[in-house]
Amino acid sequence: MRKLMILAVMALMLLATAVAQDNSDSPAFVETVRFGRGDILHAEWHPDGDRFLVDTVRGAWIYGYSPTSNRFADLAYFDNARAARYSPNGGTFAAILPDNSLGVWDAYNHIPAESPTFPIVHDTEIVSIAWNPQ
């Protein structure tokens, strides 16, 4: 009787494995769904107070505030940008990119700034950046 029970459990396990392999076109087996924008690591207002930058585990977002609608709206998204920070004058912002280089963007039109991407001279991960206030 015990051998029969073990055989039945093994048959069920094999059947479940075959069904799981047969459903390979199912989105649950092909794609991971991410909800939300990730945990917030840092947020800061732009110096003029009309937008703010949010740094998350998935990237950086810039939100703008509209007093007429009393709502915030997405202005820009930068995938996989880490440790994003506005410059002291608010003209640009910088973030660490996945290859450990530093990206600098214009804070108003969200395109890369004239500054080049700075090379990294070490192999360790960069975890934060800071602007010179002068």
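Residues numbered from 1 in each chain as written. Predicted model: local features only at pLDDT ≥ 70, side-chain atom pairs only at ≥ 80, totals over all residues. Heavy atoms only, no water.

Chemist: Even after reading the chapter, I still don't get the sheet that holds strand β1 (residues 40-45), so can you show me in this structure?
Modeler: Sheet strands pair by backbone hydrogen bonding; their relative direction is either parallel or antiparallel. Here we have four strands laid out as an open sheet, ordered β1-β2-β3-β4, and antiparallel in their pairing. With partners counted over all chains shown, the strands left at the sheet margins are β1 and β4 (71-79), one partner each. Sheet twist, expressed as the average angle between the axes of neighbouring strands with direction ignored, equals 20 degrees. Judged from the five bridges that link them, β1 and strand β2 (residues 51-56) form a sheet pairing that is antiparallel. Note on β2: the bridge partner recorded for H42 is D55. (Pairing = 2+ DSSP bridges. Helix = DSSP H or I, 4+ residues; strand = E, 2+ residues; numbered from the N terminus. Axes fitted to C-alpha atoms, helices over the stretch in contact; angles between N-to-C directions.)

Chemist: Just checking my understanding: could you explain the packing of aromatic side chains for this structure?
Modeler: In total, this model carries 10 aromatic pairs according to the counting rule given. Between F78 and W105, the ring centres sit 5.0 Å apart and the planes meet at 50 degrees, which makes this aromatic pair tilted. Placement of F78 in strand β4 and of W105 in strand β7 (residues 102-106) is noted, with a sequence separation of 27 residues between them. Note on F78: relative accessible area 10%, which makes it buried. According to the relative accessible area criterion, W105 is buried, its value standing at 11%. (Phe/Tyr/Trp six-rings, centres within 6.5 Å; stacked < 30°, edge-to-face > 60°. Buried < 20%, exposed > 50% of the residue type's maximum accessible area, 1.4 Å probe, protein only.)

Chemist: Help me understand the pairing of strand β5 (residues 82-86) in this model?
Modeler: Regular strands place side chains that alternate from one sheet face to the opposite one. In terms of burial, β5 is largely enclosed, as four of its five residues are buried. Taken together, the three bridges between β5 and strand β6 (residues 92-96) define a ladder with antiparallel strand orientation. Within β6, the position partnered with R85 by the bridge is A94. Between β5 and β6, which follow one another and run antiparallel, lie five residues, and G90 among them has a positive phi close to 80 degrees.

Chemist: Where do I start with the pattern of salt bridges in this structure?
Modeler: Pairing of side chains with opposite charge becomes possible as their charged atoms draw close. Scanning the entire structure with this criterion turns up three salt bridges. A salt bridge links R82 to E125; the shortest N-O distance between them is 3.3 Å. In this pair, R82 sits in strand β5 while E125 sits in the segment after β7, placing the two residues 43 residues apart along the sequence. Relative accessible area serves as the criterion here: at 54%, E125 is assigned to the exposed category. (Salt bridge = Lys/Arg side-chain N within 4 Å of Asp/Glu carboxyl O.)

Chemist: I keep staring at the sheet that holds β5 and nothing clicks. Help me out?
Modeler: Spatially, the three strands line up as an open sheet ordered β5-β6-β7, and their pairing is antiparallel. Of all strands in the sheet, those with a lone pairing partner are β5 and β7, marking the two edges. Within the sheet, the average angular offset between the axes of one strand and its neighbour, ignoring direction, is 20 degrees.

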